[in-house]
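Chain residues, written in single-letter form:
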Amino acid sequence: MNETAPTHRLPPGSNAPSPPLLPLLPLLPLLPLLPLPPLLPLLLAAQLSACTCDLETIELTDWTAAWQLEEEVMLEQLNKDRAAGAMCDDEHFPAAPPLTLNHNLRRAARYHSQQMAERDFFDHDDPDDCGPSDRIEAAGYVLSGTYSTGENIVMGYADSKVAQQVLLDSPGHCRNIMNLTFTEVGIGFFDDNGFDGKHWTQVFAHRDSAGSSGLK
């Protein structure tokens, strides 16, 4: 049995803070299901879907110290946000335990951020129709028993703290961040040499081989 996090997408016409280097776009609504200018920061939060991919055949580039630092900063801030509790739209989430970094989830997150940047797309499914759960398992994270998974992606912001705040301010992404079911996370940052080339992926998971818990 498996249960996945509910689908969350920003509704047409919703607003998210614009990054400081894009003063001409503050009023442009986020429409993640429609083509948008490449510099517009975009957000998606979605239920993970089933598909196939072979991540093991892909050689990931070495992550620079600067990229690793961006990941560490986001993880630290994410756990601070969980510890503080949050209002996700009109839903209150109490303080939650910190998420543990899982290296396989991080590998899946890094791969997806790299793919989005290098192949110029922004979605939870890549052009080969490979979805998040496929990347998770291809990276070596076995989904067994009762499990829950979730993913947030964001691009185009100045740094990890700004990107994390934007995710927290978006109800669907906020619910993934504050979800009490999740116990592990992987964060992947990739910078394709440009402001609009900064991509972050957050991959959340919980698995219980005994099948005694799951997403309610």
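Residues numbered from 1 in each chain as written. Predicted model: local features only at pLDDT ≥ 70, side-chain atom pairs only at ≥ 80, totals over all residues. Heavy atoms only, no water.

I'm lost on the overall build of the chain in this one. Help?
Regarding its fold elements, the chain presents five helices and seven strands. Across the chain, helices and strands are ordered from the amino to the carboxyl terminus as β-α-β-β-β-α-α-β-α-α-β-β. The contacts in the chain between residues at least 6 apart in sequence include a share of 74% that link residues at least 24 apart. Carbon and sulfur atoms form 54% of the exposed surface of the chain, whose accessible area is close to 9900 Å². (Helix = DSSP H or I, 4+ residues; strand = E, 2+ residues; numbered from the N terminus. Contact = heavy atoms within 4.5 Å. Areas by Shrake-Rupley, 256 points an atom, 1.4 Å probe, with all protein chains shown as cover.)

I tried to follow the packing of helix H1 (residues 65-84) against helix H4 (residues 160-169) on my own but got confused; where do I start?
Angle between the axes and distance between the axes: these two values describe a pair of packed helices. Contact geometry of H1 with H4 gives a least axis separation of 9 Å together with a crossing angle of 35 degrees. Where H1 crosses over H4, the handedness of that crossing is right-handed. For the pair H1 and H4, contact is made by Glu70, Glu71, Val73, Met74, Gln77, Leu78 and Asp81 and by Ser160, Lys161, Ala163, Gln164 and Leu168, respectively. Of the residues assigned to the contact of H1 with H4, the class counts are five nonpolar, three polar and four charged. (Axes fitted to C-alpha atoms, helices over the stretch in contact; angles between N-to-C directions. Left-handed = near helix turned anticlockwise from the far one by under 90°. Nonpolar A, V, L, I, M, F, W, Y, C, P; charged D, E, K, R; others polar.)

I tried to follow the pattern of salt bridges on my own but got confused; where do I start?
Side chains bearing opposite charge may pair, as long as their charged atoms lie close to each other. By the definition in use, this model includes five salt bridges. In this structure, arginine 110 and glutamate 71 form a salt bridge, with 2.8 Å as the shortest nitrogen-oxygen distance. Placement of the pair is arginine 110 in helix H2 (residues 103-119) and glutamate 71 in helix H1, with a sequence separation of 39 residues. The two residues arginine 110 and glutamate 71 agree in class, both being buried. Glutamate 76 is the partner of lysine 80 in a salt bridge, and the nearest nitrogen-oxygen pair spans 3.6 Å. Taken as a pair, lysine 80 and glutamate 76 lie in helix H1 at a separation of four residues, close to a single helical turn. (Salt bridge = Lys/Arg side-chain N within 4 Å of Asp/Glu carboxyl O. Buried < 20%, exposed > 50% of the residue type's maximum accessible area, 1.4 Å probe, protein only.)

Function cannot be read off these values alone, since they describe shape.
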